[in-house]
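Coordinates in review
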Amino acid sequence: MHTRIRPIALVAILAVGIATVAVTAPALADASGACAPQSSDRLVPGQTLEVGQKITSQNGAYTFGIEAGGTLAIRTAAGGALWKHGAVGADSTLTLTTPGDLELRTASGAVRWRSAVTGACPTVVVLNDGRVVGADGSAERWSIPVKRAKNATVPVVGAGTPTPPATPLPVLSATTCTAQADRLVAGQSLTAGKGITSANGRYRFAVDTDGSLAITSTSTGNALWRKASPGAGAAVKLATDGTLTYASGSAVAWTQASGSACPVVVVRDDGRVTGAAGGKVLWSIPSTIPASDVVSPSPTPTPTPTATPTPTPTPTPTVAPRPTPTPTPAPAPAPAPAPGKPTTGTRVAALHPFASSAFWNTAIGSGAKYESATSKATANFLSGKPNINSSMWSYAIYKAKSSDPQATVTNTNNGQVFTLRIPAGTVATGGTDMHTGVIQPDGYTAYEFYKFKPVGTNKYETTRVVVTDLRGDGLTNGSRASSISFYGGLIRAEELANHSIPHTIGIGVPASMLKLGPVWPARTQDTAAPTTYVGQLPMGSMLAIPPSVDLNSLGLTDDGLALGRALQDYGGHVLIQSGTVALYCEANCDQPQVKELWAAWQVLYPYMRVVTNNTADNVGGGGTRRQPPLPEVQQ
């Protein structure tokens, strides 16, 4: 068997052995090869991997390559996957371009995954610790899997060959809020055909002539990131409060928020577009490019991206039991952090709700007791069909501004009328529940509506209204059947973009799994429960992935690992009846990432177990917490 590496712009394709990847060198800036010497553990600019090809770490323990169907994967010598992305189809390729862009392309040339390597001497290397890194010489720029421990450095190849000094990433300072070609400052906007370009000239952030918003390579025209046009006259504007909005009139397709102290949006030399305030980077896109300079946001109320849901069908549940795998022991689990005071910084209530001490934000403890897979409640739970609800049967969350119109919402059950700010174009998700949340301009007064619908200009009707303080515990009331807030346990678009879900997750299950009599933290159950509940799981039941399961052995993507860590560190709670065994991502979640979550949930679901000793005075089983308390919520 032979492995081929195809240098770009070379007609000849050279067949070489797997153990050694010696190829005819593509044209490099340094013709001597001193900048980027070739080796079987790396790609240098101009080289391409095709399906079936891979590069191998120097110790032979790990490989990185494209598998059948176009799946990009890091695997151990035994075949276990540490990281996967795809599949993107037959005849796909992985190329490190001459500018230093690592791109996974389909047979038609469309880019499906990309990460830039910034510097004078870019390489992509499989290290002896299982990480794949983008490096400039010996300096790491990024690594995957993103949470894998760093236990190796980039090996030097080519005896006596000097490695050029690393080119540092551009640094943002507190004095950059003046207009420049690479940034937007407060009050500036981009309309069709207008954009800003990175200082090195390699990347552009612009509204295309078709109205779509994109980050593109100036040399190839390939899009690193793109948002579809919300309609005619689409434009991007950076407001004085630091909110970047991409909209067509009142139809908002995407927003990001920074802060009001010197807000800027900058195209960086590595292809990222970042939002900053006061010299601190507060968000970064695309999420596939690691962004170590992003810091916690300053305490400025942050708008939540508004949603334009697209209904998608929800699969019908099945009740056929599935085989339950035996958990793979983790090689050496790190000791859980000791409980203590909340970590430094703040959380914005509109994005990360409820107090640090609330059960939503309290990690599972070392005292948690897990059922076996064959115990009645767990076996019942594992007999369903796992699903992710987002555009259908989920929750549409909106953050109102003080400039949004005053609207009335009438509760048709009792005639009570509520007056509040509601953004124009607010709509519920698909499905008959039509759950909708509207957070007021103060950032913490949040309305929950059930069966929410417009009935006129700035007039709406609903059958249930709950007003929630997002700084509290979220247990007083809610529009779910469990009567606790639907803002809790909901996966947010911002969390998914950052691959971090630091809270428990709400779970929906069919009536065939539910048992009469709610348990803490649930307060109530469905009104039809006496005639429809026939299962083993009371409303409020807690489930989690036991600590013995090694998530890194499951072949999960970054999105999947974020979900796995949440279910292992914080668990999930049964809080609503559903047609499937459903987790919930808000309607504004990026739908390709929702698909990644769905795929991960199929893998993680069989490892879930009921936690038998979760109570109000013994949250998550008590003991040493798997994660420290979150920062206090912004007041």
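Before reading on, note that the structure itself is shown above.
This one's a predicted model, so the numbers in the text were calculated from it and none came from an experiment. (Residues numbered from 1 in each chain as written. Predicted model: local features only at pLDDT ≥ 70, side-chain atom pairs only at ≥ 80, totals over all residues. Heavy atoms only, no water.)

With respect to the side chain of Thr95
Residue placement: Thr95 occurs in strand β9 (residues 93-96). Reaching out from Thr95, the side chain makes a polar contact with the side chain of Thr48 at a distance of 2.7 Å. (Helix = DSSP H or I, 4+ residues; strand = E, 2+ residues; numbered from the N terminus. Polar contact = N/O pair within 3.5 Å; in protein donor to acceptor, adjacent residues only side chain to side chain.)

What about the sheet that holds strand β14 (residues 139-144)?
Spatially, the four strands line up as an open sheet ordered β3-β12-β13-β14, and their pairing is antiparallel. The open sheet has two edge strands with one neighbour each: β3 (42-43) and β14. Of the pairings in the sheet, the one linking strand β13 (residues 132-136) to β14 comprises five bridges and is antiparallel in character. Bridging from a neighbouring strand, Gly134 pairs with Trp142 of β14. (Pairing = 2+ DSSP bridges.)

What about the packing of aromatic side chains?
Counted by the stated rule, this structure contains 13 aromatic pairs. Ring geometry for Tyr395 against Phe486: centres 4.8 Å apart, planes inclined by 45°, an arrangement best described as tilted. One end of the pair, Tyr395, is in strand β29 (residues 395-399); the other, Phe486, is in the loop between β36 (464-469) and α2 (493-497), with 91 residues separating them in the sequence. A single burial state applies to Tyr395 and to Phe486, both of which are buried. For the ring pair Tyr447 and Phe449, a centre distance of 5.9 Å and an interplane angle of 15° mean the geometry is stacked. One exposure class covers both Tyr447 and Phe449, and it is buried. A connected cluster of aromatic rings, assembled from ring pairs, spans Phe418, Tyr447, Phe449, Phe452 and Tyr460. Over the ring of Tyr444 we find Arg471, and its NZ or CZ is 3.5 Å from the ring centre. (Phe/Tyr/Trp six-rings, centres within 6.5 Å; stacked < 30°, edge-to-face > 60°. Buried < 20%, exposed > 50% of the residue type's maximum accessible area, 1.4 Å probe, protein only. Lys NZ or Arg CZ within 6 Å of the ring centre and 35° of its normal.)

Interpretation in functional terms is not warranted from these geometric data alone.
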